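Chain by chain, the residues:
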Amino acid sequence: MFKKIMPLLIGAAAGGAAAWAAVELSVNRRAGASLTDRIGEGIPAVSGFGPAVLLILGLALLVMFTILLHEFGHMLGAVVVGSRITRLYWGPWIFLFPERRVRFDFRSKFFFGAMQCEIRPYADDASFARAIRAQRIVYGAGPAFSLATGAAAWILAPGLWSIAGGYGLISVGIGLATLVSDGAAAVMLGKRNFALVTAWSLLIQEARLDEKRRAFLTEASLRYLAEAAASAPASSQGSNKGAKGRDLYDLYLLYYVKLMREEHEVSEPEIALTEEAAAERSREGKLAKMRRDALDMALSEEVVRLCESGEREAAEELYAKIGGSQSKRSPLLLKARAYIERSEEAIREYEASVDALSSDAASFGALRQLDRKRLQQAGLA
């Protein structure tokens, strides 16, 4: 919960600084009144424990109301682009729209607000581009709504310590804080690999596997990876690129292609990228956790593919290279371990890890459906 609220607090502080500057420049600023004077006006006088508690509760309610309006901004964006809203998380309340029911859970990991909607249907490049544009609007609508309504409330507020003034400060803070999450995601969706990775992650979370979407994403991802393989590895430009490796989202895309494709045959570009990933994972030196995890995910799926195609020796060699033989192996290697060891314990542990992904937020039924089929074909289920 601390990690969840920290961006809100940081954003509120940044919002306060922005609001401070806005008031200084505001045409509504009273002649001869300094900003310090205006801030000092209307400070509520609190004396005693009871009034202090009521003030804190009132502030907490105002924060939660501001969060609700931020999520309403996302929902408004979804309605505008025609995406179906599936979930709204606000405090202990979880609104499940398709099921037409409400749950109450104080331990919700989305206590401080979240909204989910389905990505628009797609089956080819043109419809996929439209779906991604719609998703960018949904992501950007929340911060935009918070910033716009917060700025308006601040300008119209009789004082900082009024309800409107408090809402303006908190809303601008939330808007600025979520620019680095929702706003950044909206910008990143302009990158082809990030857009494909996002679509894959949404696909595997669905209750049932959509074969048409899987077929398109597989073909589009292989096209992209062929282009990526033809280019030199990315240099250390940008936060998503390693010092001597591919873009981080290229690695995630390689993982999804291996995870979601049933046939064993692989293309030359995919082989080249896999060998490149294996070489980077074996290289001495410390890797950033996200990068190491992305490499392990892709190479773990390669171990599975090698086992399925009967290349047992190569699978065991690769499994050892990515740390499978270590006493403290990564949880990301559970699937590879199940295929290598073929023991009931290893299979059961892996299946339990997949089942544990299911929640109100995402059922991961599509992933479990495909995984169960592959385990059965490999004689492991």
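Residues numbered from 1 in each chain as written. Predicted model: local features only at pLDDT ≥ 70, side-chain atom pairs only at ≥ 80, totals over all residues. Heavy atoms only, no water.

**What to know about the environment of Gly 166**
By secondary structure assignment, the location of Gly 166 is in helix 5 (residues 163-188). Sequence-wise, Gly 166 and Gly 150 are 16 residues apart; in three dimensions their C-alpha atoms are separated by 9.1 Å. (Helix = DSSP H or I, 4+ residues; strand = E, 2+ residues; numbered from the N terminus.)

**Things to note about the confidence of the model for the chain**
Residues at a pLDDT of 70 or more form 82% of the chain, whose mean pLDDT is 84. Per-residue pLDDT stays below 50 along residues 1-5; that stretch engages in 4 contacts with residues further than four places along the chain or on separate chains. Taken as a whole, residues 27-31 scores under 50 in pLDDT and shows 6 contacts with residues more than four places along the chain or in a different chain. (pLDDT = per-residue confidence, 0-100. Contact = heavy atoms within 4.5 Å.)

**Digging into the packing of aromatic side chains**
Remark: the centre distance and the inter-plane angle together describe each pair of aromatic rings, the angle taken between the planes. In total, this model carries 15 aromatic pairs according to the counting rule given. Taking 5.4 Å as the distance between ring centres and 70° as the angle between the ring planes, the aromatic pair formed by Phe 111 and Phe 112 counts as edge-to-face. The pair formed by Phe 111 and Phe 112 is uniform in burial state, with each residue classed as buried. Both rings, one in Tyr 249 and one in Tyr 252, keep their centres 5.8 Å apart while their planes meet at 50°; by these two values the pair is tilted. Separated by 3 residues within a single helix, Tyr 249 and Tyr 252 lie in helix 8 (residues 248-260), roughly one turn from each other. For the pair shown, Tyr 249 and Tyr 252 are each scored as buried. Pairwise contacts between aromatic rings join Trp 90, Trp 93, Phe 104, Phe 106, Phe 111 and Phe 112 into one cluster. (Phe/Tyr/Trp six-rings, centres within 6.5 Å; stacked < 30°, edge-to-face > 60°. Buried < 20%, exposed > 50% of the residue type's maximum accessible area, 1.4 Å probe, protein only.)

**Things to note about the pairing of strand 1 (residues 85-90)**
Within strand 1, 6 of the 6 residues are buried, leaving the element largely enclosed by the surrounding structure. For strand 1 and strand 4 (residues 114-117), the ladder comprises 4 bridges, and the chain directions are antiparallel. Across the sheet, residue Tyr 89 finds its bridge partner in strand 4, namely Ala 114. Pairing between strand 1 and strand 2 (residues 93-96): 4 bridges, direction antiparallel. (Pairing = 2+ DSSP bridges.)

**Re the pairing of strand 2**
Strand residues, when the strand is regular, have side chains that alternate between the two faces of the sheet. Only one face of strand 2 is buried: it carries Ile 94 and Leu 96, and the other face, with Trp 93 and Phe 95, is open. A loop of 2 residues connects strand 1 with strand 2, the two strands running antiparallel in sequence, and Gly 91 in this loop sits at a positive phi of about 60°. Across 4 bridges, strand 2 lies against strand 3 (residues 101-104) in antiparallel orientation. Counted as the bridge partner of Phe 95 is Val 102 from strand 3. Taking the residues that link successive antiparallel strands as the turn, the strand 2-strand 3 hairpin has 4 residues, and the phi of Arg 100 there is positive, at about 55°.

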